[in-house]
Amino acid sequence: MQFRITLKPVARQTLVPFNYAYRLSAFIYAVLAEADQQYATFLHGQGYEYSSTRRFKLFTFSDLIIPNARVDTRAGGLWVTTPHIEWVVSFFIDSAAQHFIMGLFQDQRCVIATPRHRAEFIIERVEAVPVEIPTNTIQLRTLSPVVIAEKDERGMDQYLHPADVQFGPLLIDNLLAKWNSIPRPVSAGDSSTDDFATSAITYRLLPDREPRSRLITIKEDSRAQTQVRGYYGFTFELSGPKEILELAVLAGVGRYNAEGFGAVGVV
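What counts, and where the lines are drawn
- Residues numbered from 1 in each chain as written.
- Predicted model: local features only at pLDDT ≥ 70, side-chain atom pairs only at ≥ 80, totals over all residues.
- Heavy atoms only, no water.
- Pairing = 2+ DSSP bridges.
- Helix = DSSP H or I, 4+ residues; strand = E, 2+ residues; numbered from the N terminus.
- Axes fitted to C-alpha atoms, helices over the stretch in contact; angles between N-to-C directions.
- Core = buried A, V, L, I, M, F, W, Y, C linked by side-chain atoms within 4.5 Å.
- Buried < 20%, exposed > 50% of the residue type's maximum accessible area, 1.4 Å probe, protein only.
- Contact = heavy atoms within 4.5 Å.
- Lys, Arg positive; Asp, Glu negative; His and termini not counted.
- Salt bridge = Lys/Arg side-chain N within 4 Å of Asp/Glu carboxyl O.
- 1 Å grid on protein atoms, 1.4 Å probe; cavity = no way out; pocket = protein on both sides within 12 Å on 5 of 7 lines; lining within 4 Å.
- Points joined across faces, edges and corners; volume = space filled by probe spheres on them.

Points about the sheet that holds strand 10 (residues 118-129)
The five strands are arranged 5-8-1-10-9 in an open sheet whose pairing can be described as antiparallel. Pairing within the sheet leaves two strands with one partner each, and these edge strands are strand 5 (59-61) and strand 9 (109-113). Taken over all neighbouring pairs, the strand axes of this sheet differ in orientation by 30 degrees on average, direction set aside.

See the structure below:
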């Protein structure tokens, strides 16, 4: 399910730090833990396993939608100038859990704190956003930067532009790995398969907007701090089985979805 969350700043002047996604990820885990410690521990520590080196959390979230934000490079953040901001959070979960998730987030106090900043919000509204996949081809817009990378000869990640010839194949490979990480019951005598071939899915960058890039720090102020480059502000087309297209919307595309990357919405 996908949820649109309305947040109200607690203070009259609120500065959101540039690298806030890591704190929002921690907030989601904390909210889940209040209701289901076992599920939250599973997501945070293990996730859905595709291989010994690839595990997925199957949730993601957008950038904060801050209208008329005032960029303050010196202060290291964005000043909120409106009475409300919005945020989109997506979970690849059964639709029966919709009201449960909505209740978890309603009236929560969301704090984005760093050694230099403290932004505090009250969640005033949580709205379920229907995700409809009407055909086998959909257009998607980025809601947060998409991270796609391939290793160079030194084993270092090279972050790819959405127009790069390898961007689509790597995005598709990631989606299929997510799909194959999900446990699915198999009935006795059932010879059908839910596996999909790479060739069944296609990616096409749409020419209406030029992608922009952003260098983002993950896990800032911790020993695990690292920087990644993601691309945002573009739309693209995905064609394939509806199950895979729904997964792309609800679990995100590319890497680091649970850290706030790869969130997309249907155009």
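Side note on the nonpolar core
Judged by nonpolar contacts, the single largest core of 66 residues is most densely connected at Trp-87, Phe-105 and Leu-238. Residue contacts for Leu-238: discarding those within four places in its chain leaves Asn-136, Thr-137, Ile-138, Leu-140, Leu-171, Leu-175, Ile-201, Thr-202, Tyr-203, Leu-245 and Ala-248.

Considerations on the side chain of Glu-259
Here Glu-259 shows up in the loop between helix 5 (242-251) and strand 18 (264-266). In this structure, Glu-259 is buried with no salt-bridge partner, the nearest side chain bearing the opposite charge being Lys-57 at 5.3 Å. What Glu-259 contacts, discounting residues up to four positions off in sequence, is Ala-21, Ser-25, Phe-61 and Ile-218.

Things to note about the sheet that holds strand 2 (residues 14-17)
Backbone hydrogen bonds hold the strands of a sheet together, and the pairing may be parallel or antiparallel. If you trace the three strands from one edge of the open sheet to the other, you get 2-7-6, paired in antiparallel fashion. Looking at the sheet topology across the chains shown, the edges are occupied by strand 2 and strand 6 (70-72). Strand-to-strand twist in this sheet, taken as the mean axis angle between neighbours without regard to direction, amounts to 35 degrees. Alignment of strand 6 against strand 7 (residues 77-80), held across three bridges, turns out to be antiparallel. Each residue of the ladder has a partner; that of Asp-72, found in strand 7, is Gly-77.

Side note on unusual backbone geometry
Residues other than glycine predominantly adopt negative phi, and peptide bonds predominantly adopt the trans conformation. Although it is not a glycine, Leu-58 sits at a positive phi angle of roughly 60 degrees. Looking at where Leu-58 falls in the secondary structure, it is placed in the loop between strand 4 (54-56) and strand 5. Relative accessible area serves as the criterion here: at 5%, Leu-58 is assigned to the buried category. The phi dihedral of Asn-68 falls on the positive side, at around 55 degrees, and the residue is not glycine. Residue classification places Asn-68 among the exposed residues on the basis of a relative accessible area of 65%.

Points about the layout of surface pockets
Of the volumes computed, that of the largest pocket is approximately 760 Å³. Around the largest pocket, the lining is made up of 29 residues, and of these Arg-55, Arg-255, Tyr-256, Asn-257 and Glu-259 lie nearest the centre. Elements represented by at least two residues in the lining of the largest pocket include exactly helix 1 (21-35), strand 4 and helix 4 (167-181). Taken as a whole, the second largest pocket encloses approximately 610 Å³ of empty space.

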